[in-house]
Amino acid sequence: VQLVESGGGLVQPGGSLKLSCAASGFTFSSSVMNWYRQAPGKGREWVAFITPTGGSTTYADSVKGRFTISRDNLKKTVYLQMNSLKPEDTAVYYCKVVVLFRDYWGKGTLVTVSS
């Protein structure tokens, strides 16, 4: 199982970024996918998940209405569109999948929201 995040960077408050997580090594189209984040000096926080067909999504209260999770099963990629970014969104963002009862994580991509 391999998960590779990309798309992070430096953005000003109020700006937008779109993260991607490319997956391989498991049946992507049958798997729930999650995004998490870890801010400096804090624990890892769940952000959003999406069901295998993309028909259902759920978000943490802290990002609801600003972030959108989506997926492309043909490309085996899950996305996180982040709008109206705030300094408190600064974190390393990770995607996660559970395969055969084991958690797999990518190495993360850093998002910094600062003026």
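Please refer to the structure higher up on the page.
The rules behind each value
- Residues numbered from 1 in each chain as written.
- Predicted model: local features only at pLDDT ≥ 70, side-chain atom pairs only at ≥ 80, totals over all residues.
- Heavy atoms only, no water.
- Helix = DSSP H or I, 4+ residues; strand = E, 2+ residues; numbered from the N terminus.
- Rg over C-alpha atoms; globule rule 2.2 N^0.38 Å.
- Buried < 20%, exposed > 50% of the residue type's maximum accessible area, 1.4 Å probe, protein only.
- Areas by Shrake-Rupley, 256 points an atom, 1.4 Å probe, with all protein chains shown as cover.
- Lys, Arg positive; Asp, Glu negative; His and termini not counted.
- Charge placed at Lys NZ, Arg CZ, Asp CG, Glu CD.
- Disulfide = S-S within 2.5 Å.
- Core = buried A, V, L, I, M, F, W, Y, C linked by side-chain atoms within 4.5 Å.
- Contact = heavy atoms within 4.5 Å.
- Polar contact = N/O pair within 3.5 Å; in protein donor to acceptor, adjacent residues only side chain to side chain.

Colleague: Mind showing me how you'd approach the overall build of the protein here?
Modeller: Along its length, the protein carries zero helices and 11 strands. Seen in sequence order, the protein has helices and strands lined up from the N terminus as β-β-β-β-β-β-β-β-β-β-β. Here the C-alpha radius of gyration of the protein, 13 Å, is about what a compact globule of 115 residues would show, namely 13 Å. The principal-axis extents of the C-alpha atoms in the protein amount to approximately 40 × 25 × 25 Å. Taking all 115 residues of the protein together, 41% fall into the buried category. Put simply, the protein shows about 6100 Å² of open surface, and 51% of that area lies on carbon and sulfur atoms. Taking the average place of the 13 positive charges on the side chains of the protein and the average place of its 7 negative ones, the gap between the two points comes to 5 Å.

Colleague: Before we go on, may I ask you to explain the state of the cysteines in this structure?
Modeller: With the rule as written, the count across this model stands at one disulfide. Residue C21 pairs covalently with C95 via a disulfide, S to S 1.9 Å. Note on the C21 and C95 pair: the S-S dihedral is about 55 degrees, so by sign convention the disulfide is right-handed. One end of the pair, C21, is in strand 3 (residues 17–24); the other, C95, is in strand 9 (residues 91–99), with 74 residues separating them in the sequence. Residue C21 is classed as buried on the basis of its relative accessible area, which comes to 0%. When its relative accessible area of 0% is taken as the criterion, C95 is described as buried.

Colleague: Whenever I open this one, unusual backbone geometry confuses me. Can you help?
Modeller: Residues apart from glycine generally show negative phi values, whereas peptide bonds are mostly found in trans. Phi is positive for S84, which is not a glycine, with a value near 50 degrees. Relative to the assigned elements, S84 resides in the loop between strand 8 (77–82) and strand 9.

Colleague: Help me understand the nonpolar core, please; the structure alone is not making it clear to me.
Modeller: Grouped burial of nonpolar side chains is what soluble globular proteins tend to show. In terms of nonpolar packing, the biggest core is built from 29 residues, with W35, V78, L80, M82 and Y93 touching the most fellow members. Of all the secondary-structure elements, those providing two or more residues to this core are strand 3, strand 4 (33–38), strand 5 (44–50), strand 7 (67–72), strand 8, strand 9 and strand 11 (109–113). Examining the composition of this core, we find that five residues originate from one element, strand 9, more than from any other. Once residues within four sequence positions are removed from consideration, V78 is found in contact with L19, S20, C21, F28, M33, W35, I50, I69, S70, R71 and C95.

Colleague: Hey, could you run me through the environment of K86 in this one?
Modeller: Relative to the elements of secondary structure, K86 occurs in the loop between strand 8 and strand 9. It is 9.4 Å that separates the C-alpha atoms of K86 and V11, two residues lying 75 residues apart in sequence. Among all residues touching K86, those that are not within four sequence positions of it are R66 and V113.

Colleague: I would appreciate a short explanation of the side chain of T77 in the present structure.
Modeller: Looking at where T77 falls in the secondary structure, it is placed in strand 8. Within polar-contact distance, the side chain of T77 engages the backbone oxygen of K75 at 2.9 Å. The residues contacting T77, other than those within four sequence positions of it, are S20, C21, A22, F28, S70, R71 and D72.

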